[in-house]
Amino acid sequence: EHQPRGLVNTLRELIAVQPAPDELAQELAQMRLPVMLLAGSNDVSSLAPSRVLADQLPHATLRVVANGGHLINLTHPAEFNQALTELCDRAWSLPH
(Lines give C-alpha, C1' and ligand atoms only; values in the text may rest on other atoms or scores of the structure.)
Protein backbone atom coordinates (compact mmCIF):
# COMPACT_ATOMS: atom_id res chain seq x y z
CA GLU A 1 0.00 0.00 0.00
CA HIS A 2 1.21 3.52 -0.77
CA GLN A 3 2.04 5.92 2.02
CA PRO A 4 -0.09 9.12 1.75
CA ARG A 5 2.95 11.42 1.47
CA GLY A 6 4.46 9.35 -1.33
CA LEU A 7 1.17 9.27 -3.21
CA VAL A 8 0.76 13.05 -2.91
CA ASN A 9 4.31 13.62 -4.18
CA THR A 10 3.74 11.28 -7.10
CA LEU A 11 0.54 13.06 -8.05
CA ARG A 12 2.08 16.53 -7.75
CA GLU A 13 5.47 15.92 -9.29
CA LEU A 14 4.73 13.32 -11.95
CA ILE A 15 1.13 12.82 -12.93
CA ALA A 16 -0.09 16.42 -12.69
CA VAL A 17 2.61 17.70 -15.06
CA GLN A 18 2.00 15.15 -17.82
CA PRO A 19 0.63 16.58 -21.07
CA ALA A 20 -2.85 15.53 -22.13
CA PRO A 21 -3.03 12.96 -24.95
CA ASP A 22 -4.40 15.53 -27.39
CA GLU A 23 -1.31 17.70 -26.81
CA LEU A 24 0.83 14.78 -28.00
CA ALA A 25 -1.33 13.82 -30.99
CA GLN A 26 1.32 14.52 -33.65
CA GLU A 27 4.01 12.56 -31.84
CA LEU A 28 1.68 9.68 -31.01
CA ALA A 29 0.55 9.36 -34.63
CA GLN A 30 4.15 8.66 -35.64
CA MET A 31 4.65 5.73 -33.27
CA ARG A 32 5.27 2.49 -35.13
CA LEU A 33 5.46 0.06 -32.22
CA PRO A 34 2.48 -1.96 -31.07
CA VAL A 35 0.80 -0.62 -27.95
CA MET A 36 -1.63 -2.38 -25.64
CA LEU A 37 -3.83 -0.12 -23.55
CA LEU A 38 -5.56 -1.80 -20.63
CA ALA A 39 -8.34 -0.20 -18.65
CA GLY A 40 -10.93 -1.52 -16.28
CA SER A 41 -14.55 -0.87 -17.17
CA ASN A 42 -15.02 0.67 -13.71
CA ASP A 43 -11.90 2.87 -13.86
CA VAL A 44 -13.53 6.24 -14.43
CA SER A 45 -10.24 8.15 -14.42
CA SER A 46 -8.41 6.01 -17.00
CA LEU A 47 -11.00 4.65 -19.40
CA ALA A 48 -11.71 7.85 -21.36
CA PRO A 49 -8.01 8.83 -21.75
CA SER A 50 -7.23 5.25 -22.81
CA ARG A 51 -9.84 5.51 -25.55
CA VAL A 52 -8.31 8.79 -26.75
CA LEU A 53 -4.84 7.24 -26.82
CA ALA A 54 -6.13 4.19 -28.69
CA ASP A 55 -7.57 6.48 -31.36
CA GLN A 56 -4.32 8.43 -31.69
CA LEU A 57 -1.84 5.56 -31.73
CA PRO A 58 -1.81 3.84 -35.13
CA HIS A 59 -0.86 0.39 -33.78
CA ALA A 60 -2.78 0.43 -30.52
CA THR A 61 -5.18 -2.10 -29.12
CA LEU A 62 -7.50 -1.13 -26.28
CA ARG A 63 -8.60 -3.90 -23.98
CA VAL A 64 -11.33 -3.00 -21.49
CA VAL A 65 -11.47 -5.49 -18.64
CA ALA A 66 -15.04 -6.07 -17.48
CA ASN A 67 -15.64 -5.10 -13.86
CA GLY A 68 -12.03 -3.99 -13.54
CA GLY A 69 -10.83 -0.97 -11.66
CA HIS A 70 -7.51 0.82 -11.73
CA LEU A 71 -5.34 -2.12 -10.61
CA ILE A 72 -6.37 -4.76 -13.13
CA ASN A 73 -2.92 -6.35 -13.02
CA LEU A 74 -3.69 -7.27 -9.40
CA THR A 75 -7.45 -7.87 -9.54
CA HIS A 76 -7.64 -9.56 -12.95
CA PRO A 77 -4.21 -11.18 -13.43
CA ALA A 78 -5.35 -13.69 -16.07
CA GLU A 79 -6.73 -10.95 -18.35
CA PHE A 80 -3.67 -8.79 -17.72
CA ASN A 81 -1.26 -11.63 -18.51
CA GLN A 82 -3.18 -12.55 -21.67
CA ALA A 83 -3.03 -8.96 -22.92
CA LEU A 84 0.68 -8.74 -22.13
CA THR A 85 1.33 -12.01 -23.96
CA GLU A 86 -0.56 -10.73 -27.01
CA LEU A 87 1.46 -7.50 -26.97
CA CYS A 88 4.74 -9.41 -26.76
CA ASP A 89 3.66 -11.70 -29.61
CA ARG A 90 2.83 -8.66 -31.76
CA ALA A 91 6.14 -6.98 -30.93
CA TRP A 92 8.22 -10.11 -31.59
CA SER A 93 6.55 -10.66 -34.95
CA LEU A 94 7.79 -7.29 -36.24
CA PRO A 95 10.75 -7.28 -38.60
CA HIS A 96 14.00 -6.67 -36.75
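Residues numbered from 1 in each chain as written. Predicted model: local features only at pLDDT ≥ 70, side-chain atom pairs only at ≥ 80, totals over all residues. Heavy atoms only, no water.

A. Structural view of the pattern of salt bridges. Within this structure, the stated rule accounts for one salt bridge. Note that R63 is salt-bridged to E86, the shortest N-O span being 2.5 Å. Pair noted here: R63 is in strand 2 (residues 60-65) and E86 is in helix 5 (residues 77-92), with a separation of 23 residues, a long-range link. On the basis of relative accessible area, R63 is assigned to the partly exposed category, the value being 24%. Note on E86: relative accessible area 27%, which makes it partly exposed. (Salt bridge = Lys/Arg side-chain N within 4 Å of Asp/Glu carboxyl O. Helix = DSSP H or I, 4+ residues; strand = E, 2+ residues; numbered from the N terminus. Buried < 20%, exposed > 50% of the residue type's maximum accessible area, 1.4 Å probe, protein only.)

B. Here's a closer look at the environment of L37. With respect to the helices, strands and loops of the structure, L37 is situated in strand 1 (residues 35-40). Exposure remark for L37: the relative accessible area of 11% places this residue in the buried category. For L37 and V8, which are 29 residues apart along the polypeptide, the C-alpha to C-alpha distance reads 25 Å. Excluding its chain neighbours within four sequence positions, the residues that come into contact with L37 are S50, L53, A54, A60, T61, L62 and R63. (Contact = heavy atoms within 4.5 Å.)

C. Up close: unusual backbone geometry. Positive phi values are uncommon outside glycine, yet N67 reaches one of about 60 degrees. Position of N67 among the secondary structure elements: in the loop between strand 2 and helix 4 (72-75).

D. Representation of a nonpolar patch on the surface within the structure. Side chains of L7, L11, L14 and I15 sit close together on the surface and give an oily, nonpolar patch of about 360 Å² of accessible area. Residue position: L11 is located in helix 1 (residues 4-15). Residue classification places L11 among the partly exposed positions, given a relative accessible area of 40%. (Patch = residues over 30% accessible without salt bridge, like charges linked within 9 Å, V, L, I, M, F, W, Y side chains within 5 Å. Areas by Shrake-Rupley, 256 points an atom, 1.4 Å probe, with all protein chains shown as cover.)

E. The arrangement of the confidence of the model for the chain in detail. With 98% of its residues at a pLDDT of 70 or more, the chain shows a mean pLDDT of 88. Mean pLDDT across the elements of the chain bottoms out in helix 1 (76) and peaks in strand 2 (96). (pLDDT = per-residue confidence, 0-100.)

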